[in-house]
Amino acid sequence: MSSHRAARGPAGTWRLTLATLALVAAGALMVGNQGTLAFWRDAVTVTGGQFTSGRLDLTVDNAQGAVATPYVKTNLALPTMLPGESVAEVLTLRNPGDAPYTWTAAVARGGDLGPALTVELYLGSATTGDDASYPRTEACATTTSPIVTTGATPTATRLATGTDGATGQAVCVRVSLPAATGNEYQSKTTGSVTLTFTATQVTP
Amino acid sequence: MTRTALTRTAGGRHRGTGPRRRLAPAGLVAAVVAICVALGPAAWAVFTDTATVTAGPTSTSAFSSGTLNAAGTPTTAQASGTAAVVVTWTAATVTSGGTGTVAPAGYDVYRATGAADAGTLVCSTTTALTCNDTAASIPNGSRYYVRARLATSWVRDSARQTYADTQPPVVTHTQPTSGASLLVGVFITAVNNSCGTGFVACGTAADTGGITATTQYRLQRPRTLGGIECWTGTAWSNTAASCGTGVFLTATGTTAWKVPGTANTAYASLGATYTLTIRSVDVAGNVAATPITFSTLL
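What counts as what
- Residues numbered from 1 in each chain as written.
- Chains lettered and ligands numbered in written order.
- Predicted model: local features only at pLDDT ≥ 70, side-chain atom pairs only at ≥ 80, totals over all residues.
- Heavy atoms only, no water.
- Helix = DSSP H or I, 4+ residues; strand = E, 2+ residues; numbered from the N terminus.
- Buried < 20%, exposed > 50% of the residue type's maximum accessible area, 1.4 Å probe, protein only.
- Lys, Arg positive; Asp, Glu negative; His and termini not counted.
- Salt bridge = Lys/Arg side-chain N within 4 Å of Asp/Glu carboxyl O.
- Contact = heavy atoms within 4.5 Å.
- Phe/Tyr/Trp six-rings, centres within 6.5 Å; stacked < 30°, edge-to-face > 60°.
- Lys NZ or Arg CZ within 6 Å of the ring centre and 35° of its normal.
- Pairing = 2+ DSSP bridges.
- Axes fitted to C-alpha atoms, helices over the stretch in contact; angles between N-to-C directions.
- Patch = residues over 30% accessible without salt bridge, like charges linked within 9 Å, V, L, I, M, F, W, Y side chains within 5 Å.
- Areas by Shrake-Rupley, 256 points an atom, 1.4 Å probe, with all protein chains shown as cover.
- Buried area = accessible area lost by both parts, 1.4 Å probe.
- Polar contact = N/O pair within 3.5 Å; in protein donor to acceptor, adjacent residues only side chain to side chain.
- Nonpolar A, V, L, I, M, F, W, Y, C, P; charged D, E, K, R; others polar.

Caption draft 1: The side chain of A:Glu89, seen in detail. Residues and elements named next belong to chain A. Secondary-structure assignment places Glu-89 in strand β4 (residues 86–94). One buried charged residue, Glu-89, forms no salt bridge at all, with the nearest opposite charge on Lys-73 at 4.4 Å. For Glu-89, the residues in contact, after removing those within four places along its chain, are Lys-73, Asn-75, Leu-76, Thr-127, Glu-138, Val-171, Cys-172 and Val-173.

The structure is reproduced here in C-alpha cells:
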C-alpha cells in the first residue's frame, strides 16, 4: 500500500493539480460566458416626409353655396313668363382642392309655378337668345350633353369628370315655361328653382 | 452583409424550415383582400362636398307667370230675322314681363244656353274682333262669350252677352208678288200654279229664332160702294169679325203659309187692287206685318 502512495507522490500531486485546474476552468465555463462578453451597437433613425390630406371643395361661381345659405344666381330669373318663354344662365363648377371627383346635379322646383317649369342642364358656357323682349327665349348654345332635364319629375344624371384645374366646368342652366303649359298656371307668383351639386371624390 | 443575407436566404434555411410560417401570413393577406373585394367600393371612404344654387333674385319668386286678360263683353247685332248674328268685342290683353305688346293667338266665339254651360263654338278668328253666327236657328236668349287664346293651352273667357232677338221674321210672297199687275186670267193661273188650287196666296216666313205656330193673313180690297172688304177664306166680307181694324185670319202653315180660298172667286173682279198682309210672329214676339199690293187688269 505504501508503495502505492510513494509511487503516486510527486507525480500524483501534479496530476491532481491539473485536474483541479481543469475542473475550475470547466466550472468557469459552465457558469456562462456570454454576459461577460462586450459587443458594439448602433441605431439609425429614418424620418419620412410630411403627410397632409387632400381637399375636395366644390364651388359654384366661386361661391360655397352652403345648404343653409345657397348661392343665389341673380340673373337666373324670369318674371311674368308666358308659355314658350325661357331664360338661360351659365354656372361654373370648380374644385379649388385637389381631389379628382365626379358630381351629380339635382333639381328641385317649388312654389305655385314650380310644377310647370322645365329645367335643363347642359355642359357649355354659352347662351343664345334674348331675355328682354317678348317672346323671351334664351337657350343654351350647346345641347349635346344634357345633364339634367325635368319633365314631370326632376331627375339627376351623374357625370364623371376629372380634376378641373383652375378653370372649372361650365354648366348652362335653362329654365322654361313650355308652350303647352296648362291654363291653370296663369298669374302664378312664387316659382322657384334650386340646384344642388354634389361632388364625390373618385376612389383610387 | 448583403452577401450574408443572400446566403441565408438562398441557403434555404427559412424556406426549408418555414413553409408553414410563410403560408400563414399569405393566407391572412388573401383573406383580407377577399373581404375588401366583397365589401366593394363602399368600403372606401371618400370626400364629398355639395354646393346649392337658387335662382334669383329672391329664392321664392324667381319665376312668375303672366296673365291672359279677357276680351271685352261681346255685343250682338242682327240685320234681319234671318241674317247672321254679328258678334263684336274688344281685344284681349296679355300681361307679360317682356317688352312689346303681346297679342292673343286668336279668339273663339261660343253660343251657350245659360250662364255656365260651355256652349257651341260658332266662329273663330285670329286677329279680327268680329265674326258671324250663321246658324239657321239661334234661340232668343242665347248667351255669347268670347274665348281668347294664347299659346297652346291658355284661354280666358269674356263675360257673357245675352242675345236679344229684335228682328221680326222675314216674309216672302211667292204669289201674288208685290206690285204685280196682270190680266185676271194670267193672274189666276200664276196663283194656281204656285200655290195650288184651293189657295189664293202663298209664301214663306223665316226667323233664326223660330216662328210661332200661327201665321195670319188679311187680304182686302176696296168696296164698290166705299170702304173695304176682306177675304174670309171663302168670300169677301165687310163684317167686323172678318174685316174690323186689326183683324187677321188664320192662314195654313207657318213657315210655309197659304191663304185658303179659290183664286177664281177671290180675284174675279176686273181691274181691282188688293192688299195682302201676312202677319208672322217669331218666338221673341217680333211681328212681321208688312202689306203688299197687287192688281188685276181688265
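Caption draft 2: A look at the environment of A:Ile147. All names here are of chain A. Along the chain, Ile-147 falls in strand β9 (residues 146–149). Classification of Ile-147 as buried rests on a relative accessible area of 4%. For the pair Ile-147 and Val-171, spaced 24 residues apart in the sequence, the C-alpha separation amounts to 8.9 Å.

Caption draft 3: Here's a closer look at the packing of aromatic side chains. All names here are of chain B. Applying the stated criterion to the full structure yields 11 aromatic pairs over all chains. On the numbers, 5.2 Å between centres and 10 degrees between planes, the contact of Tyr-110 with Tyr-145 is stacked. Within this pair, whereas Tyr-110 is found in strand β7 (residues 106–112), its partner Tyr-145 is found in strand β10 (residues 143–150), the two being separated by 35 residues in sequence. Assigned by exposure class, Tyr-110 and Tyr-145 land together as buried. With a centroid separation of 6.2 Å and an interplanar angle of 85 degrees, the aromatic rings of Tyr-144 and Tyr-163 are classed as edge-to-face. A residue pair is termed long-range when its members are at least 10 positions apart, and Tyr-144 in strand β10 and Tyr-163 in the loop between β12 (161–162) and β13 (170–175) qualify at 19 residues. Positioned over the ring face of Tyr-110 is Arg-147, at 5.0 Å from the centre of the ring. The ring centre of Phe-199 lies 4.8 Å from the NZ or CZ of Lys-258, which sits over that ring.

Caption draft 4: Expanded view of the sheet that holds strand β5 (residues 85–88) of chain B. Residue and element names in this part refer to chain B. The sheet built from three strands is open, its strands ordered β4-β5-β9 with antiparallel pairing. With one partner strand each, in any of the chains shown, β4 (75–78) and β9 (130–133) form the two edges of the open sheet. The average angle at which neighbouring strand axes cross in this sheet is 25 degrees, direction not considered. As judged from the four bridges shared by β5 and β9, these two strands associate in the antiparallel manner. From the neighbouring strand, Val-85 faces β9, where its bridge partner is Asp-133.

Caption draft 5: Just the pairing of β4(A), in detail. Residues and elements named next belong to chain A. Counting buried positions along β4 gives seven out of nine residues, so the element sits mostly inside the fold. Pairing of strand β1 (residues 59–60) with β4, which is carried by two bridges, proceeds in the antiparallel orientation. For Thr-59, the partnering residue across the bridge sits in β4 and is Arg-94. Strand direction decides the pairing type here: β4 and strand β11 (residues 169–176), joined by eight bridges, are antiparallel. Across the sheet, the residue bridging to Ala-88 is Arg-174, located in β11.

Caption draft 6: Focus on a nonpolar patch on the surface. The grouping of B:Leu182, B:Leu183, B:Val186 and B:Leu297 at the surface amounts to a nonpolar patch, some 300 Å² of accessible area in total. In this fold, B:Leu182 is placed in strand β14 (residues 181–183).

Caption draft 7: Structural view of the interface of chain A and chain B. Tallying the contact residues gives 56 residues for chain A and 38 residues for chain B. For the chain A and chain B pair, buried surface summed over both sides reaches about 3,900 Å², with 56% attributable to carbon and sulfur atoms. Of all residues in chain A, A:Thr80, A:Tyr134 and A:Gln186 bury the most surface against chain B, accounting for 15% of the area lost on that side. Where chain A touches chain B, the interface holds zero salt bridges. If you look at where chain A meets chain B, you find 34 residue pairs in polar contact (both at pLDDT 80 or more). Contributions of two or more residues to the side of chain A that touches chain B are made by β2 (71–73), β3 (78–81), β4 and β12 (192–201) of chain A. A per-element tally of the side of chain A that touches chain B places β12(A) first, with 10 residues. Residue composition of the side of chain A that touches chain B, by class: 30 nonpolar, 21 polar and five charged. Strand direction decides the pairing type here: β2(A) and strand β1 (residues 48–55) of chain B, joined by three bridges, are parallel. Within β1(B), the residue paired with A:Tyr71 across the bridge is B:Val53.

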